[in-house]
Amino acid sequence: MRAQTTSSRFRALLNLKATSMSVNINNNVLLLQPFSFEDTIQYLKNAADTKNLIFGKIIHAHLITSSQLNEQSNNVVLMNSLINFYSKCGEIRVAQNLFDEMPQRNIVSWSSLMMGFLQTGGGFQVLKLFRNMGLVDGIRPNEYILSTALSACKGMLFEGQQCHCLGLKSGLVFYQYVKNALVRMYSMCSDLGGAMGVLYSIPGSDIVTYNSIISGLLDHGYMNEALGVLNRIVAEYKAWDEVTYINIFALCARIKDANMGMQVHNHLLKNSGEFGFYVTSSLMDMYGKCGKISYARKVFDSLNTRNVGSWTTIMAAYLQNDCFEETLSLFLDMELEDVEPNDYTFAVVLNASASLSALGYGTSLHAYTEKLGFKGHVIVGNALINMYSKAGFVGHANKVFTEMINRDIISWNSIISAYCHHGLGNEALSLFNDMLAAKIKPNNITFVGVLSACGHLGQVQEGFYYLQQLMNQMGIEPGLEHYTCIVGLLSKAGLLLEAENFIRFTLVNWDVVAWRTLLNACHVHKNYDLGKQIANIVLQMYPDDVGTYTLLSNMHAKAKRWDGVANIRKLMRERNIKKEPGLSWTEIRNNTCVFVSDDKSHPELKQIHEKVKDLLNKITLLGYVPDIATVFHDVEAEQKEEYLSFHSEKLAIAYALLKTPPDAPIRVIKNLRMCSDCHSAIKLISKVTNRLIIVRDVNRFHSFRDGNCSCQDYW
DNA sequence: GTAGGGTTAG
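None of these values were measured; they are calculated from a predicted model. (Residues numbered from 1 in each chain as written. Chains lettered and ligands numbered in written order. Predicted model: local features only at pLDDT ≥ 70, side-chain atom pairs only at ≥ 80, totals over all residues. Heavy atoms only, no water.)

## A word on the protein's contact with DNA strand B
Around DNA strand B, 47 residues are found, and the nearest of them are Asn 80, Asn 180, Asn 211, Asp 241 and Asn 351. The sugar-phosphate portion of DNA strand B accounts for 40% of its atoms within 4 Å of the protein, the bases making up the rest. In this structure, Asp 206 approaches DNA strand B through a side-chain N or O atom, which is 2.7 Å from a base nitrogen. In the model, a phosphate oxygen of DNA strand B is placed 3.4 Å from a nitrogen or oxygen of the Ser 215 side chain. Broken down by element, the residue count for the surface near DNA strand B peaks at six residues, all from helix α18 (residues 308-320). (Near = heavy atom within 4 Å. Polar contact = N/O pair within 3.5 Å; in protein donor to acceptor, adjacent residues only side chain to side chain. Helix = DSSP H or I, 4+ residues; strand = E, 2+ residues; numbered from the N terminus.)

## A word on the pattern of salt bridges
It is possible for side chains bearing opposite charge to pair when their charged atoms get close. Applying the stated criterion to the full structure yields 22 salt bridges. Between Lys 375 and Glu 403 there is a salt bridge whose closest N-O contact spans 3.9 Å. Of this pair, Lys 375 sits in the loop between α21 (359-371) and α22 (378-390) while Glu 403 sits in helix α23 (residues 394-403); the two residues are 28 residues apart in sequence, bridging distant segments of the chain. What makes Lys 375 partly exposed here is its relative accessible area of 45%. On the basis of relative accessible area, Glu 403 is assigned to the partly exposed category, the value being 42%. Bridged by salt links that share partners, the residues Glu 370, Lys 375, Lys 399 and Glu 403 form one connected network. (Salt bridge = Lys/Arg side-chain N within 4 Å of Asp/Glu carboxyl O. Buried < 20%, exposed > 50% of the residue type's maximum accessible area, 1.4 Å probe, protein only.)

## As for the UniProt feature "repeat: PPR" (unreviewed entry) in chain A
Per the UniProt record, "repeat: PPR" (unreviewed entry) is found at residues 75-109, 206-236, 307-341 and 408-442. Between the end C-alpha atoms of residues 75-109 the distance is 11 Å, and the span holds 77% helix and 0% strand. (UniProt positions renumbered as here; feature names shortened; annotations may be inferred.)

## A closer look at the packing of helix α20 (residues 343-356) against α21
Contact pair α20 / α21: the axes reach a minimum separation of 9 Å and the direction vectors enclose 160°. Viewed along their axes, α20 and α21 adopt a mutual orientation that is roughly antiparallel. Like other packed secondary-structure pairs, α20 and α21 cross with a definite hand, here left-handed. Taking contact as the criterion, the partners of Phe 346, Val 349, Leu 350 and Ser 353 in α20 are, on α21, Tyr 361, Gly 362, Leu 365, Tyr 368 and Thr 369. Residue composition of the contact of α20 with α21, grouped by class: six nonpolar, three polar and no charged. (Axes fitted to C-alpha atoms, helices over the stretch in contact; angles between N-to-C directions. Parallel < 35°, antiparallel > 145°, perpendicular 65-115°, else oblique. Left-handed = near helix turned anticlockwise from the far one by under 90°. Contact = heavy atoms within 4.5 Å. Nonpolar A, V, L, I, M, F, W, Y, C, P; charged D, E, K, R; others polar.)

## Re the side chain of Thr 548
Relative to the elements of secondary structure, Thr 548 occurs in helix α32 (residues 546-558). Side-chain polar atoms of Thr 548 contact the side chain of Asp 545, separated by 2.6 Å. When neighbours within four sequence positions are excluded, Thr 548 is seen to be in contact with Arg 516, Leu 519, Ala 535, Val 538 and Leu 539.

## Details of the confidence of the model for chain A
On average, residues of chain A score 88 in pLDDT, and 93% of them reach the 70 mark or higher. A low-confidence stretch, residues 1-31 (pLDDT under 50), is modelled with 32 contacts involving residues beyond four sequence positions or located in other chains. (pLDDT = per-residue confidence, 0-100.)

Written as structure tokens, this is what we have:
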């Protein structure tokens, strides 16, 4: 009876026909009749393909107990199958041991072991085997070996080129697999010229060649070339496969060409009956990235089955279109359908929480990621850093960073820029040095953080050192964003003319950001004459830039040039430029409360106004004087004071003070730049209430504590 | 018995 049960289980496990084997139990050792040689090979292949380690190990054990591995004859094929199986299952050391024990090996033995190393990321070991193959066993490579060796040359162009030479000399390049591996090799080494050279110089391309080249061109930003190859595919190739569609949707997404995307979508519907998750996901992704969220949703709604990838993709599409609430609500829908989130899903929803500064939601998600065992996943950790940082808690972000098991360049960039947004330049630079010490190569984004940290610290010379020497040394070309940081650096240091000259004499396609940075500096440094000049230059180039009008008007006001203020107002009316209404929100016990400037509709309006008045009375005793000059309204003086009192951030802070425990930090998020009156008022409010008040405005964070702000009054 | 191209992320 027992034997019967074991036997049937065993058969089920091996997926064998009931008649094909018998089982004897002898001293608890399971003895099986030998399988036929062909069956054994087939089982091992199945085990390898399905990565079923247990299944394959049983076969291996059986081969040992039934003495089939001891016979020297015919064992090479069997051993190769075992090596292949262990390689595919990632058990590279077992594969290596078996390989070492073989008295005789053939080319397939080498090939199988090389695949194992390739899969586990051991590109260098693959090449070592490739060399030793000739030295030890005197074997010349075939097309399998060369393809594998080429795949191992990721980031090793010189080695890849040597393999290419070898292929040319031996004629192996004419095998389709080898040609395709060559295209991939050059792409993986960022040599797209080399890849295109292979494409056109070696005759014969199949759909994989075209898919590979498009994917390589896309990865490296060669959009026009990718479009050129696409035209060629359209003309020459009717038999597209799933990967072709996926790549072309990715291309449409990158160049944001929804029309082309729709044509390809049509092509897909006409030429293919059914398609898998990869295709539908890339289709939704394309519509999302082209800003056609309703089309993405239509595809999503039309799906018969959805996997976690489908859900994550549609959520990401909403996220990319700034529909953060929708993203979070889809996450709940997904939960209701019992689809389990993966690391990508968490990255998306955490990002949505970050954008909303929804700390409550983000914290719950953090707990959930730990529960599901995503602690070691880099993208989740990175998303958590981002979430805590944008929620105003750079300390929490740092805790996540410190505890991360695996970090990548984005983890470092995220924490560095988190510190920058909070104005903590020293911490940012110290992490940058840690990063260099850890032998992580910085990229262009890292240097945006580094340069802006120098800006916060007023380290002008250091900033130029990083820009002109270190970046050059590391082979990173400075771009607009870096030059803009330098403008900020000079501006903050009060070197306004230097900043202006830097803009004028640096040949970059400047945008409005750099100019506005300089203009803001004129405002803060009270150089109103230069400021007005700059503002007029900016308005000639960017007549719609609301921020410039506001700053210019403020500068006129501070210089008591009321005629100037009136002129700006007139100009704005003529040009139909409208200031966005001020909006602040704060989270109280997981509820988000929104306040509009001069809000008249809030149910607790009376208490809030009383609280604001109470606070203003208290801080007046500490020397607060309403900064009525900057009020952007044609109103009487006493009304101006009233307007200032009802700025949305003041309302939000008053409300939060009413509703939270006395020691809780207050967090407010604002859609605009904070005005200087609110800034000086909140500094004093933090003092009289003894509270930490964190305000995230459109540019950065302000941490108010005990009468001071982390921005040190420059923002 | 051995080999290829791909979705959702920060």
